[in-house]
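Inside the fold
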Number of protein chains: 2
Amino acid sequence: MHPHFSTKERILSAAEELFARHGFAGASLRQVTAAANVNLAAVNYHFGSKDNLINELFRRRLDDLTTRRLEMLAQAEAQPAPTLETILEAFVLPALNLAGDRFGGSAFMRVLARAYAEHDQTLRKFLSENYGHVLKRFAQAIRPLLPDLGKEALYWRLDFVAGALTYAMSDFGAVKRPPGRSEEDHRRQAAREFVRFAVAGLRAPD
Amino acid sequence: MHPHFSTKERILSAAEELFARHGFAGASLRQVTAAANVNLAAVNYHFGSKDNLINELFRRRLDDLTTRRLEMLAQAEAQPAPTLETILEAFVLPALNLAGDRFGGSAFMRVLARAYAEHDQTLRKFLSENYGHVLKRFAQAIRPLLPDLGKEALYWRLDFVAGALTYAMSDFGAVKRPPGRSEEDHRRQAAREFVRFAVAGLRAPD
DNA sequence: CTATCCTTCAAACGCTCGTTTGACCGGACG
DNA sequence: CGTCCGGTCAAACGAGCGTTTGAAGGATAG
């Protein structure tokens, strides 16, 4: 990789870290450009506005993430007898790999958790229009594997699963990484625990 | 709006709604005081600062919530053979009652969801210092009922349970109340679905 | 060489932010 | 009566906000 990062890339990375830490309204463009060692006006030159910078920040990561998720889902469904585990792993593992990305991936996961809590219309509209189909696609894949579950009960539980995943990704919880364990192992452990928990919860008798 | 409420209460309620919608940094004191029909300076007079207003906002709801949770937990443990279901109900029902509170309860749940995404030190420190003991208390109660589960796995799963509950109860979940059903019944149904899901998830093999 | 285009820069534009100030009101109390 | 005092008020404070501007690089093409 080229040792020198472009102005756009440095802005995106700095914004990712600062938005993760202080929120979209809480981190200013002056903080972002200072952290990126870039002139203040560069944001409006390259991205047009702060709102659009936020959109591009999501696009940079989510395009790749959704592609990989749908690829893994297709692989899972191509097998003769798809299991709930493999489908949930298709959802979780790409996010896990992104979170483990060498530069900024985990910061992006925290930004994503903020986006879920965000009720502001602009960002929610952008995300649901561009990436809303992925969740529906996974819901369709899970439905035939839980034939005894009522439609309403399934929706309840998918809500619970989404909440638990978001919560786990935002790294706020009581579980701290033990001193002797690597960050990589900690994430892998989280994914293992999550899939096990979610599968059992979804399979509970109606 | 509600002229018989005190200035402090009107500020807290307006702040709850606006912080839920726009975040702590995204909603200004001018918006809050305008919505509360109160002078701008009233916030600093009654609360000292915006940060402290946020703290008091959490204190108003969480003091009562944790008290009721611990009361119900004590009742569950007083029975000859406590079950996972009754213990989880002690955690869930008070939160659901709060969410269904006639004025502002659901807005507070959305604020709470934002607090989970918040990585800023001030709010996190306040919450963990004042209310962190509750989750530990429930963990102690649940532990003997899941003797085969490792300590770390238990904490992971309680994290998932708390996250699922929080996100399910802020109103951006998929499940809306059907027209023919009362709010009370809807809440009861939600509790049933959640406890069933959470019990199965906790009981998953380690 | 000059001309062109893309990018960077310091400076400034209105505007909104959280907070502070000092005056003013109205009931309580001697 | 006058004094006090918790509460409310309009106004202002300095700082920081997102965005815009116009000039200045710097590489490339003719």
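Thresholds applied
Residues numbered from 1 in each chain as written. Chains lettered and ligands numbered in written order. Predicted model: local features only at pLDDT ≥ 70, side-chain atom pairs only at ≥ 80, totals over all residues. Heavy atoms only, no water. Helix = DSSP H or I, 4+ residues; strand = E, 2+ residues; numbered from the N terminus. Buried < 20%, exposed > 50% of the residue type's maximum accessible area, 1.4 Å probe, protein only. Contact = heavy atoms within 4.5 Å. Buried area = accessible area lost by both parts, 1.4 Å probe. Salt bridge = Lys/Arg side-chain N within 4 Å of Asp/Glu carboxyl O. Polar contact = N/O pair within 3.5 Å; in protein donor to acceptor, adjacent residues only side chain to side chain. Least-squares fit on C-alpha atoms with pLDDT ≥ 70 in both. Near = heavy atom within 4 Å. Nonpolar A, V, L, I, M, F, W, Y, C, P; charged D, E, K, R; others polar. Expected span 1.5 Å × (residues − 1).

Looking now at the side chain of Arg61(A). Residues and elements named next belong to chain A. Checked against the element boundaries, Arg-61 lands in helix α4 (residues 50-78). With relative accessibility at 9%, the residue Arg-61 sits in the buried group. Excluding residues that lie within four positions of it along the chain, Arg-61 makes contacts with Glu-16, Leu-98, Asp-101, Phe-103, Gly-104, Gly-105 and Phe-108.

Bringing the interface of chain B and chain A into the picture now. With 49 residues of chain B in contact, the opposing surface of chain A contributes 48 residues. Counting each side, the surface lost to burial between chain B and chain A is near 4200 Å², with a carbon and sulfur contribution of 66%. We note a salt bridge from Arg196(A) to Asp206(B), for which the minimum N-O separation is 4.0 Å. When residues of the side of chain B that touches chain A are traced back to their parent elements, those giving at least two are α1 (7-22), α6 (105-117), α7 (121-142), α8 (151-169) and α9 (183-202) of chain B.

Residues and elements named next belong to chain B. Its place among the elements puts Thr-33 in helix α2 (residues 29-35). Since its relative accessible area comes to 4%, Thr-33 is described here as buried. A distance of 3.3 Å separates the side chain of Thr-33 from the backbone oxygen of Arg-30, its partner in a polar contact. The contacts of Thr-33, once residues within four sequence positions are left out, are Val-38, Asn-39, Leu-40 and Val-43.

With the rule as written, the count across this model stands at 18 salt bridges over all chains. Here Arg21(B) ties to Glu17(B) by a salt bridge, and the two come within 3.6 Å at their closest N and O atoms. Of this pair, Arg21(B) and Glu17(B) both sit in helix α1, 4 residues apart, which is roughly one turn of that helix. Relative accessible area serves as the criterion here: at 28%, Glu17(B) is assigned to the partly exposed category. Counted as one network, the salt bridges with shared partners bring together Glu16(A), Arg60(A) and Arg61(A).

Moving on, we come to the relation of the copies chain B and chain A. Overlay of chain B on chain A (RMSD 1.0 Å): rotation 178°, translation along the axis 0.9 Å. Considering both components of the superposition, the chain copies are consistent with a two-fold axis. Taking C-alpha positions as reference, the residue of chain B nearest the rotation axis is Gly201(B), located at 2.2 Å. The share of interface residues of chain B whose copies in chain A are also at the interface is 92%, consistent with both copies meeting through the same surface.

In the region of DNA strand C, 15 residues are neighbours, and Thr7(A), His46(A), Ser28(B), Arg30(B) and Lys50(B) sit closest. Restricting attention to atoms of DNA strand C within 4 Å of the protein, one finds that 48% of them are sugar or phosphate atoms. Between DNA strand C and the protein, one listed contact pairs a phosphate oxygen with a side-chain N or O atom of Thr7(A) at 2.4 Å. Only α3 (41-47) of chain A together with α2 and α3 (41-47) of chain B provide two or more residues apiece to the surface near DNA strand C. It is α3(A) that contributes the most residues to the surface near DNA strand C, 3 residues altogether. Classifying every residue of the surface near DNA strand C gives 6 nonpolar, 6 polar and 3 charged.

Ser28(A), Arg30(A), Lys50(A), Thr7(B) and His46(B) are the nearest of the 14 residues found near DNA strand D. One nitrogen or oxygen atom from the side chain of Tyr45(B) is found 3.2 Å from a phosphate oxygen belonging to DNA strand D. Looking at the surface near DNA strand D, the elements with two or more residues in it are α2 (29-35) and α3 of chain A together with α3 of chain B. Take the surface near DNA strand D: its biggest share by element is 3 residues, from α3(B). Here the surface near DNA strand D is composed, by residue class, of 5 nonpolar, 6 polar and 3 charged.

Take α6(B) next. The α-helix winds at 3.6 residues per turn, so residues separated by three or four positions along the chain end up facing the same way. Residues and elements named next belong to chain B. Across its 13 residues, α6 extends 19 Å between first and last C-alpha, which sits within 8% of the 18 Å expected from 1.5 Å per residue. A large share of α6 lies buried, amounting to 12 of its 13 residues. By the burial criterion, the buried members of α6 are Gly-105, Ala-107, Phe-108, Met-109, Arg-110, Val-111, Leu-112, Ala-113, Arg-114, Ala-115, Tyr-116 and Ala-117.

None of this, on its own, says anything about what the molecule does.
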